[in-house]
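Chain residues, written in single-letter form:
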Amino acid sequence: MRGLSKMRAKDLNYDRILSSMCTPPHPIALKAHRKFQETNLGDPGLFPGSAELERQAVGMMAEMLGHPQACGYLSTGGTESNIQAIRAARNAHGFRDGNIVVPKSAHFSFDKIGDLLCLEIRKADLDDDLKVDVGSVEDLIDENTVSMVGIAGTTEFGQVDPVDRLGRLALDSGIHLHVDAAFGGFVLPFLEGDWKWDFRAEGVTSITIDPHKMGMATIPGGGLLFRHPEDLDRLAAYAPYLTMARPTALTGTRSGAIAAAVWAVMNHLGREGFTKVIDRCMALSRRMVAGAREIGIEPVIEPVMNVVTLQMDRPEEVRSDLLECCWRVSTTRSPKALRLILMPHLTYENVDLFLADLENVLNRYS
Ligand SMILES: Cc1ncc(COP(=O)(O)O)c(C=O)c1O
């Protein structure tokens, strides 16, 4: 155990991490996770209690995403969910040399998907607000398009694509529309505003949502939901030696711990609890933006969720200078900016300390 403690001590704690979309799990998620550690959702007949928790957790997310009848499963995270959603869409079309149309802002998991599923990845332009340009998507789709993708909470800027308009295009053209809400899935339901980005938008066929990001569950906790059960069924393989003959997950053995963790944290926090968490993260984001403005830096976009990107000429250099003060931040590609994620582990005090260090670093360049 001493060896393990030594290695664990090398890991950073989250206090000064502004670059991650993960956060320490809620204590109740950790407790639930530990209780179900040895269970296997891949063989649900042996662990019916864990399987029931997964069904209920998926049901709670389905309700939250505007379609209580949606079906799906708990995955290892956003990458697996995106792979499986596109695989289902491809299988629905019945041909293997098609393409998918994703926004230029899409997560790099879609590049892996192109490689794994032998699909051409077509990248649609963004508008000035860094949302996907629906006209560009329309220009890129053709008879070989198996799915379009919209993002509800882009990895770099936290922006939300016009999913309702994409949904109408999807319906008109008979193409699947997958929404990647890996980050936004546990943020947007708790913000004010009447945008349609989930199953409430007609035409949305599947959604990725990650409890291990803003859902405060344990890692690896992803979620994938489908509007139509036949799409989930398109992922099934025949496994006669298991207690479930037609498993649909990508991985075989799957820990029941994640089902317990998601179930526990969703029941414990409920709508009210999550709203408080998100309100606080948004207040931290506003404080970050206001403080940045005081030292002469503007955000690339007004934050839609708790992702703040600050315009500057040399973000990579600023990033490495901030390391001296132990701050972990990241940068964006285009436009270039410093990227900060205001996760639940951040405090007002640390936001202020960060801003003071940022000002000192920037003064070196002036
Ligand atoms: C929008 C989006 N989709 C997918 C992913 C991939 O999620 P994971 O790292 O859990 O595989 C991320 C990760 O940051 C993301 O931001």
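Residues numbered from 1 in each chain as written. Predicted model: local features only at pLDDT ≥ 70, side-chain atom pairs only at ≥ 80, totals over all residues. Heavy atoms only, no water.

Trainee: Residues and numbers for the overall build of the protein, please.
Mentor: Broken down by element type, the protein carries eleven helices and ten strands. What you see for the protein is a C-alpha radius of gyration of 21 Å, in line with the 21 Å of a compact globule of 366 residues. In the protein, buried positions account for 55% of the 366 residues. Here the contacts in the protein between residues at least 6 apart in sequence split such that 71% fall between residues at least 24 apart. With the model as given, the accessible surface of the protein reaches about 16600 Å², and the carbon-plus-sulfur share is 51%. Between the centroid of the 39 positive side chains of the protein and the centroid of its 48 negative side chains there is a distance of 7 Å. (Helix = DSSP H or I, 4+ residues; strand = E, 2+ residues; numbered from the N terminus. Rg over C-alpha atoms; globule rule 2.2 N^0.38 Å. Buried < 20%, exposed > 50% of the residue type's maximum accessible area, 1.4 Å probe, protein only. Contact = heavy atoms within 4.5 Å. Areas by Shrake-Rupley, 256 points an atom, 1.4 Å probe, with all protein chains shown as cover. Lys, Arg positive; Asp, Glu negative; His and termini not counted. Charge placed at Lys NZ, Arg CZ, Asp CG, Glu CD.)

Trainee: Tell me about the site of the ligand, residues and numbers included.
Mentor: Around the ligand sit 13 residues, and of these Thr79, Thr155, Asp180, His212 and Lys213 come closest. In the environment of the ligand, an oxygen atom lies 3.0 Å from a nitrogen or oxygen atom belonging to the backbone of glycine 78. Residue lysine 213 places a side-chain N or O atom 2.9 Å away from an oxygen atom belonging to the ligand. Here the ligand has 390 Å² of accessible area as a free molecule, and 84% of this is covered by the chains. Ranked by the residues each element gives to the shell around the ligand, the list is headed by helix 4 (residues 78-93), at three residues. Taken together, the residues of the shell around the ligand sort by class into two nonpolar, eight polar and three charged. (Near = heavy atom within 4 Å. Polar contact = N/O pair within 3.5 Å; in protein donor to acceptor, adjacent residues only side chain to side chain. Nonpolar A, V, L, I, M, F, W, Y, C, P; charged D, E, K, R; others polar.)

Trainee: Tell me about the nonpolar core, and name the residues and values.
Mentor: Buried together is how nonpolar side chains tend to be arranged in soluble globular proteins. With 68 residues, the main nonpolar core has Val137, Phe183, Phe186, Trp197 and Leu225 as its most contacted residues. Secondary structure elements with two or more residues in this core: helix 2 (27-35), helix 3 (48-64), helix 6 (134-140), helix 7 (163-173), strand 5 (176-181), strand 6 (206-209) and helix 9 (257-294). For this core, the element with the highest residue contribution is helix 9, accounting for 14 residues. Residues from two domains meet in this core; each of domain 1 (2-21 + 270-365) and domain 2 (28-267) gives at least three. Among residues more than four places away in sequence, those in contact with valine 137 are Val101, Ala124, Val132, Met148, Leu166 and Leu169. Formed by 23 residues, the second largest nonpolar core is a distinct cluster that contains Leu284, Met288, Val289 and Leu338. (Core = buried A, V, L, I, M, F, W, Y, C linked by side-chain atoms within 4.5 Å. Domains from an automatic or database assignment.)

Trainee: So, the packing of helix 4 against helix 5 (residues 109-117): which residues are in play, and what are the values?
Mentor: Between helix 4 and helix 5, the shortest axis-to-axis distance is 10 Å and the interhelical angle comes to 45°. Classified by the interaxial angle, the pair formed by helix 4 and helix 5 is oblique. Like other packed secondary-structure pairs, helix 4 and helix 5 cross with a definite hand, here right-handed. Where helix 4 abuts helix 5, its residues Thr79, Asn82, Ile83, Ile86, Arg87 and Arg90 lie against Ser109, Phe110, Lys112, Ile113, Leu116 and Leu117. Tallied by class, the residues present in the contact of helix 4 with helix 5 amount to six nonpolar, three polar and three charged. (Axes fitted to C-alpha atoms, helices over the stretch in contact; angles between N-to-C directions. Parallel < 35°, antiparallel > 145°, perpendicular 65-115°, else oblique. Left-handed = near helix turned anticlockwise from the far one by under 90°.)

Trainee: Summarise helix 7; cite the residues concerned and give the values.
Mentor: Listed as buried for helix 7 are Val163, Leu166, Gly167, Leu169 and Ala170. Mapping the buried residues of helix 7 onto a view down its axis gives an arc of 165°, with all of them on the same face. Where the residues of helix 7 are buried, they touch helix 6, strand 4 (145-151) and strand 5. Following helix 7 by one or two positions, glycine 174 has its phi on the positive side, about 70°. (Arc of directions from axis to C-beta.)

Trainee: Break down the pattern of salt bridges for me, with residues and values.
Mentor: This model, assessed by the stated rule, comprises 19 salt bridges. As a salt-bridge pair, arginine 55 and glutamate 52 come within 3.0 Å of each other at their nearest N and O atoms. Placement of the pair is arginine 55 and glutamate 52 together in helix 3, with a separation of three residues, close to one helical turn. With its nearest N and O atoms 3.2 Å apart, the salt bridge here joins aspartate 233 to arginine 246. Of this pair, aspartate 233 sits in helix 8 (residues 229-233) while arginine 246 is found in the loop between helix 8 and helix 9, placing the two residues 13 residues apart along the sequence. A residue is classified by how much of its surface remains accessible, and arginine 246, at 42% relative accessible area, is partly exposed. The network of salt bridges with common partners includes Glu120, Arg122 and Asp142. (Salt bridge = Lys/Arg side-chain N within 4 Å of Asp/Glu carboxyl O.)

Trainee: Got a sec to walk through the UniProt feature "modified residue: N6-(pyridoxal phosphate)lysine" (unreviewed entry) in the protein? Specific residues and values, please.
Mentor: Listed under "modified residue: N6-(pyridoxal phosphate)lysine" (unreviewed entry) in the UniProt record, and renumbered for this structure, are Lys213. Note on placement: lysine 213 falls in the loop between strand 6 and strand 7 (222-226). Filtering out sequence-adjacent residues up to four positions away, lysine 213 remains in contact with Met21, Thr23, Gly78, Ala182, Phe183 and Met343. (UniProt positions renumbered as here; feature names shortened; annotations may be inferred.)

Trainee: Which residues make up the environment of methionine 343, and what values go with them?
Mentor: Mapping methionine 343 onto the fold places it in the loop between strand 10 (337-341) and helix 11 (348-365). According to the relative accessible area criterion, methionine 343 is buried, its value standing at 0%. Contacts of methionine 343, omitting those with residues within four sequence positions, involve Ser20, Met21, Cys22, Thr23, Phe183, Lys213, Met214, Cys281, Leu284 and Asn306.

Trainee: Run through the sheet that holds strand 5, naming residues and quoting values.
Mentor: The strand order 1-7-6-5-4-2-3 describes an open sheet built from seven strands, whose pairing is mixed. Of all strands in the sheet, those bounded by a partner on one side alone are strand 1 (71-75) and strand 3 (120-124). Across this sheet, the average inter-strand angle for adjacent strands is 20°, counted without regard to direction. Here helix 5 sits on the sheet and contacts strand 2 (99-103), strand 3, strand 4 and strand 5; the angle it forms with strand 3, its principal contact strand, is near 150°. (Pairing = 2+ DSSP bridges.)

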